[in-house]
Amino acid sequence: MKTLIIIPACNEAKNIAGVIADLRRFYPEGDYLVVNDCSTDETAATVRQLGVKCLSLPVNLGIGGCVQAGYRYAQEQHYEYAVQFDGDGQHKAQYIRDLLRPLEDGEADMAVGSRFLADGGFQSTAMRRLGIKFLSRLIHVLCGIRVSDVTSGMRAVNRKMIQFFSAHYAQDYPEPESTLAAARRGARIVEIPVQMRERQYGESSIKPGHAAYYIAKVTLALLMSNAEKEEGEI
Amino acid sequence: MNRALQLFLLLAITLYFFALVHFSRRKRVEPKYMLLWIISGVMMIALTLFPALLNRVSRFLGIYDPTNALFAIVLFCVIIILMALTAILSHHNADIIRLVQENALLEQRIRELENKAETDEAMKSAEKGERNAV
């Protein structure tokens, strides 16, 4: 079974080698694809030196367009499974097999790594947890599924979802929105407890002062995507 | 509406249409977007030439001064056009995202082909070298 690990990275030259080493240690059987979101540092060169494939976006698209490029690649190359794995070192490769197991058993279409189901690890700040809880409730109200860590960027999906995401994927802050889009089309979503690390270098794509803006925008995006016509099938 | 304002508006609208013709001749604006502007221009002409129309609208809406009704209508037109522009912009944004992704995928494919061609060539020349040695 072919599995593609999609690694979105924007200016992660300092983190990316560690991420690849982690993957090679805990999940050597997968293919890796770094999607370089128009980094201004040495990310692409570092990745290629390590012998890993690198998609280089000529224009910065943000995390949504970046991850979707990875899904497009997975779709083109007929991968059976795809795993989203952040290029900043937050995610731990040792959990990838746990994420893939429900998909391989045919029990789920998408597995989300949740740091709130696992004890320990980096649990994010109290404010962020509050925001995540709010979004999680909102998604539950809108489509009836329960996902505790809706902003988690660590996810595994099967062939059907690769097809769907390569054609329809939310931009800007895509995790909660794409989860909702998948759930509304009847995708079976499970959560797997994972531990996460705090990022080592650089900054998160969501800056501290932007939390309120983030919540407002994601809420609006969720409501809008709930109201819009359903395009595409899973 | 007094004569002075009416004349001024007519002059302004004439200029407006000149600008439209100018843009369309230079192909700066696509016909489908031009339509929006032409429709609102025609509306403005109608209201300026037939103030009675404006009076009726303002009476119906309870606006005391017909000129204010004119401004309200113009504002309405502008808002419609702006919303249409936002929609067009969003559509273009989606197109750009798609193109950027496609570009990256193609670049990666070329890179792989180049690598393959290089290794093929290296193998060929190595074979040749062996044969020559034999």
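Residues numbered from 1 in each chain as written. Chains lettered and ligands numbered in written order. Predicted model: local features only at pLDDT ≥ 70, side-chain atom pairs only at ≥ 80, totals over all residues. Heavy atoms only, no water.

## Quick notes on the pattern of salt bridges
Residue and element names in this part refer to chain A.
So, point 1. Under the definition given, this model contains nine salt bridges over all chains.
So, point 2. We note a salt bridge from Asp98 to Arg101, for which the minimum N-O separation is 3.4 Å. Of this pair, Asp98 and Arg101 both sit in helix H4 (residues 96–104), separated by three residues, roughly a single helical turn.
So, point 3. We classify Asp98 as partly exposed; its relative accessible area is 26%. (Salt bridge = Lys/Arg side-chain N within 4 Å of Asp/Glu carboxyl O. Helix = DSSP H or I, 4+ residues; strand = E, 2+ residues; numbered from the N terminus. Buried < 20%, exposed > 50% of the residue type's maximum accessible area, 1.4 Å probe, protein only.)

## Concerning the sheet that holds strand E4 (residues 81–84) of chain A
Residue and element names in this part refer to chain A.
So, point 1. Pairing within the open sheet is mixed, and its seven strands lie in the order E3-E2-E1-E4-E6-E5-E7. Each end of this open sheet is capped by a strand with a single partner; those strands are strand E3 (53–56) and strand E7 (189–193). On average, each strand axis in the sheet is tilted by 20° relative to the strand beside it, whichever way the strands run.
So, point 2. The sheet contact formed by strand E1 (residues 3–9) and strand E2 (residues 31–36) spans six bridges and is parallel. The residue bridging Ala9 from the neighbouring strand is Asn36, located in E2. (Pairing = 2+ DSSP bridges. Axes fitted to C-alpha atoms, helices over the stretch in contact; angles between N-to-C directions.)

## Some words on the packing of aromatic side chains
Residues and elements named next belong to chain A.
So, point 1. Summed over all chains, the structure comprises five aromatic pairs over all chains.
So, point 2. Plain terms: the ring middles of Phe164 and Phe165 are 5.8 Å apart, the flat faces sit at 45° to each other, and that makes the pair tilted.
So, point 3. Aromatic ring contacts, followed pair by pair, group Tyr71, Phe164, Phe165 and Tyr169 into a single cluster.
So, point 4. Above the ring of Tyr79, the side-chain terminus of Lys2 is found at 4.6 Å from the ring centroid. (Phe/Tyr/Trp six-rings, centres within 6.5 Å; stacked < 30°, edge-to-face > 60°. Lys NZ or Arg CZ within 6 Å of the ring centre and 35° of its normal.)

## Some points on the confidence of the model for chain A
So, point 1. Averaged over every residue, the pLDDT of chain A is 90; the share at 70 or more is 95%.
So, point 2. Predicted confidence in chain A is weakest over helix H8 (residues 211–227) of chain A, with a mean pLDDT of 86, and strongest over E4(A), with 97. (pLDDT = per-residue confidence, 0-100.)

## What to know about the side chain of A:Glu175
Residues and elements named next belong to chain A.
So, point 1. Along the polypeptide, Glu175 turns up in helix H7 (residues 174–184).
So, point 2. Of the side chains with opposite charge, Arg155 lies nearest to the buried Glu175, which makes no salt bridge, at 5.9 Å.
So, point 3. In contact with Glu175, other than residues within four places in its own chain, are Ile63, Val150, Thr151, Ser152, Gly153 and Arg155. (Lys, Arg positive; Asp, Glu negative; His and termini not counted. Contact = heavy atoms within 4.5 Å.)

## Quick notes on the interface of chain B and chain A
So, point 1. Taken together, the contact between chain B and chain A spans 13 residues of the former and 16 residues of the latter.
So, point 2. For the pair chain B and chain A, the summed buried area comes to about 1,300 Å², and 60% of that belongs to carbon and sulfur atoms.
So, point 3. Of all residues in chain B, B:Val100, B:Gln101 and B:Leu105 bury the most surface against chain A, accounting for 41% of the area lost on that side.
So, point 4. Our count for the chain B to chain A interface comes out at two salt bridges.
So, point 5. A salt bridge links A:Lys53 to B:Glu112; the nearest nitrogen and oxygen atoms lie 3.9 Å apart.
So, point 6. Scanning the region where chain B abuts chain A turns up three residue pairs in polar contact (both at pLDDT 80 or more). (Buried area = accessible area lost by both parts, 1.4 Å probe. Polar contact = N/O pair within 3.5 Å; in protein donor to acceptor, adjacent residues only side chain to side chain.)

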